[in-house]
Amino acid sequence: MRTHIHILELMSLWHGALQKLQVFLVETKSQFTFSQSFLLRILFLFVLSPACKDLVAATRDRKLNTFIQVSVLHPAEHILTRYSSTEIVEGTKDPLFLTGVTFPPEYPIYEETKIKLTVYDVKDKSQDTVSRSFLGCTTFRVADLVKSKEQQLTLTLKTSDGGKTVGTIEVNLVKMGELEDGETDPITTDAQDQKCALVRECTATEGISGEKTLEFIPINLHLQRMHVHSPQLKDSLYDVITVGAPAAHFQGFKNGGLRKLLSKFEAERRNTGYQCIYYSPENTAKAKEVLSNINHLQPLISSHADLLLNSASQHSPDSLKNSLKMLSEKTELFVHAFKDQLVRSALLALYTARPGSVLKKPAVPRNTTEEEGDLQHQGHPSQIKRQDSIPHHSEYDEEEWDRVWANVGKSLNCVIAMVDRLLEKDNVSSTKEGENDPSAADCKVFHTGGDWYEQLYPLVITLKDCMGEVVTRAKQSMAFVLLQELACGLPQCLMLTLRRDIVFSQALAGLVCGFIIKLHTGLHDQGFLQQLHTVGLLVQYEGLLSTYSEEAGMLEDMAVGISDLQKVMFKIIEAKSEDFLPIITGRREHYVIEVQLPAKMFELLPQEIKEGKLLRMYPVLFNVGINEQQTLAERFGDTTLQENINQENLELLKEYYKLFTEKMPPDCLPHFQEQNDLKGLLENLHQNIQAKKRKNVEIMWLAATICRKLNGVRFTCCKSAKDRTSMSVTLEQCSILRDEHQLHKDFFIRALDCMRREGCRIENVLKNVKCRKYAFNMIQLMAFPKYYRPPEGTYGKADT
Ligand SMILES: O=P(O)(O)O[C@H]1[C@H](O)[C@@H](O)[C@H](O)[C@H](O)[C@@H]1OP(=O)(O)O
């Protein structure tokens, strides 16, 4: 029995998203456009899936290589319109065609429409024009198929004169879901060639070459989706994001990539006199908050102090009380704003860091123990003779800050006491005067008004001075904290920081796409949603770069970029408008991406996510070079980069798995057996990584399988994500069909070749290089692992 598996591969690209991301690194808060088509709805597609039986060749003993041409006869017309054709199936009289024929919703197809299927035998396909001979044909009405039992027809193929039977053809109708009324689908079939490989139109790659203005934008970013529809089993979706390696292509790789450059920079910095002090993202955020409080409160306090003096000069008790109340409130807020340890520790660090300081080591933010502080202090007693104007560390009096800070409170208390006294006096004298002569009260205004002002004035000035003193010190220390991070932007490492930003930006664009797609496909999966907020999301990258020459640098960039994604957290919020753009906030050490969902979808989320819980990412990268360059690396070069990356990331993957088993209920995985399977797979992956076998592609299969089982997001990357990536994702798809959907082993290679020849990857190549050829030559392919070689006729010289 044959199992019919209908596969739809979908690709989509969000160019707008990437354009705007370019902006995001120069702004602290930005948004980026995300085409609303990211929600890949299941399409209503009229898909014909044909298969022939017992075909008869014109000459005996000839092996048939057949394909079917599909033509349409519209009811009102009498002309046949050539519509599409299947792939060529070689060497069999019972061909099963994997390329279905789709009619998108907007195509005018009615019950009375007739479809003609013509089978050809291909004699020679080595030339550009295929030499073929007619074998047989048949025609049927759409109504017959639609109304047939099980939506299937078996038709007889006849010769052109209608006399001789040359076999049968079976046609199946596959409905791939429906769109709601009035909806137009963003994903269209290929207009010229209506095949199952659905390609979203893309203009993004038009005119792109690895250019400076595009360096923040990922290369050839696509969603590769396989939708498996099988009458016996549940439909399944398999998504892989394919993208060029996130790397600083424009800067080049002459001096290596980020891994090497960063460790070189670190080593150099360790040897120089001054080292930056590390402040955590929370501390840098706190420093910003303190600065903004200063900027907000200082002018407010000043104006309330002036109002107080004004009330005093007016001798207006009520107004005086009100002004004092406001002044007290704001001053209290001001004093509280500096309670933080950070200001104290940063002041000490600032004094210590000044030129001529005794301390050679960087000052440690406050949590250094007293003993450590003493040791540092005693470490270099008389090392450097300092300028007099610069305080010696030992001269720096930590208590001084407390005094300065407390003086604000004290001077406010003086003001309050004075106002109380004045009001009290005023009360007493007005009672007395009122008792004797009411008209005397008017004179008092003139007489004592000056007194109030004069008595309060010096106290208010003192308050302002004390505040000014606090502001000066706090501003200096907070600016010092912020400058520590900027110190890394000094000329010698500016290029390095830029490089890291470029790589990170590319990686982030892909991650945001991957997260949103995963969220939409997992919205009804409570287990996945629970995993998302209790554990976080696994994001697994498969790298196919070689560890030779430029690509080694690329791999180094990619490894750092992917690792930097650990600093990204996601938050899901309810969209308040039709605008579903994700919002990015934060800075280098800590980003939050807010993903907006329409109310109906948001409702489906667990309470924790609805309440804004931050969702963590666990990115991992496994790389296996597969091309001829990797052969050179293995023979004459060095593969330790790849080995180290795989080893490090295996540890990260194990950590994720551990967290997963600790935090998720034991029965959360789809099958009871899966937990054990996962352990076995991890062990297997571990052994394969240890084995240091050449071009060990088993590593990639194992890592991808583990990721799928752990509900992760999959990425596949090579340099341009069009050639090697295409080989890998198609192999992955066929392997899934074999392992999960009973694709018979006899069909494995054919399905693989068919996907590579007819599927959407060749369309991706066409979009990139305007030619349906993978950029490989024979010699290169000889170095490739067997299942990574595309079929004859699909590769060759192309200008890439
Ligand atoms: O998609 P890739 O595998 O990175 O494309 C390579 C291809 O593998 C190689 O054979 C060819 O010589 C080119 O270098 C391709 O890279 P481009 O970035 O030039 O497309």
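That block above? That's the structure.
Please read these numbers as outputs of a predicted model, since none were measured by experiment.

Novice: Just give me the short version of the packing of aromatic side chains, but keep the residues and values in it.
Specialist: Enumeration over the complete set of coordinates arrives at twelve aromatic pairs. For the ring pair Phe-504 and Tyr-591, a centre distance of 5.3 Å and an interplane angle of 20° mean the geometry is stacked. Taken together, the residues span a long stretch of sequence, with Phe-504 in helix α10 (residues 491-521) and Tyr-591 in strand β18 (residues 590-597) at a distance of 87 residues. Judged on exposure class, the residue Phe-504 and its partner Tyr-591 are both buried. An aromatic cluster is defined as three or more aromatic residues linked by ring pairs; in this entry it consists of Phe-67, Tyr-120 and Phe-134. Against the face of Tyr-120 rests Arg-132, its NZ or CZ located 4.0 Å from the ring centre. Above the plane of the ring of Phe-528 lies Lys-518, whose end atom (NZ or CZ) is 5.5 Å from the centre.

Novice: Describe the site of the ligand, and please don't skip the residues or the numbers.
Specialist: Taken together, the neighbourhood of the ligand is formed by eleven residues, with Ser-720, Asp-723, Arg-724, Ala-775 and Gln-780 sitting nearest. Take Ser-720: an N or O atom from its side chain is 2.7 Å from an oxygen atom of the ligand. In the environment of the ligand, an oxygen atom lies 2.7 Å from a nitrogen or oxygen atom belonging to the side chain of Arg-724. In isolation the ligand offers 430 Å² of accessible surface; the protein chains occlude 80% of this area. Along the lines of polarity and charge, the residues of the shell around the ligand split into four nonpolar, three polar and four charged.

Novice: For the packing of helix α19 (residues 724-740) against helix α20 (residues 745-758), give the residues involved together with the corresponding values.
Specialist: α20 packs onto α19 with a crossing angle of 145° between their chain directions and a minimal axis gap of 9 Å. Here the hand of the crossing between α19 and α20 comes out right-handed. On α20, the residues touching Met-727, Thr-730, Leu-731, Gln-733, Cys-734, Ser-735, Leu-737 and Arg-738 of α19 are Phe-748, Ala-751, Leu-752, Met-755 and Arg-756. Residue composition of the contact of α19 with α20, by class: eight nonpolar, three polar and two charged.

Novice: I'd like to hear about the state of the cysteines, residue by residue, with values.
Specialist: Under the counting rule described, the total for this entry stands at zero disulfides. In this structure Cys-466 is a free cysteine whose sulfur lies 9.0 Å from that of Cys-414, the closest cysteine sulfur available. Take Cys-466: its relative accessible area is 14%, and that puts it in the buried class.

What counts, and where the lines are drawn
- Residues numbered from 1 in each chain as written.
- Predicted model: local features only at pLDDT ≥ 70, side-chain atom pairs only at ≥ 80, totals over all residues.
- Heavy atoms only, no water.
- Phe/Tyr/Trp six-rings, centres within 6.5 Å; stacked < 30°, edge-to-face > 60°.
- Helix = DSSP H or I, 4+ residues; strand = E, 2+ residues; numbered from the N terminus.
- Buried < 20%, exposed > 50% of the residue type's maximum accessible area, 1.4 Å probe, protein only.
- Lys NZ or Arg CZ within 6 Å of the ring centre and 35° of its normal.
- Near = heavy atom within 4 Å.
- Polar contact = N/O pair within 3.5 Å; in protein donor to acceptor, adjacent residues only side chain to side chain.
- Areas by Shrake-Rupley, 256 points an atom, 1.4 Å probe, with all protein chains shown as cover.
- Nonpolar A, V, L, I, M, F, W, Y, C, P; charged D, E, K, R; others polar.
- Axes fitted to C-alpha atoms, helices over the stretch in contact; angles between N-to-C directions.
- Left-handed = near helix turned anticlockwise from the far one by under 90°.
- Contact = heavy atoms within 4.5 Å.
- Disulfide = S-S within 2.5 Å.

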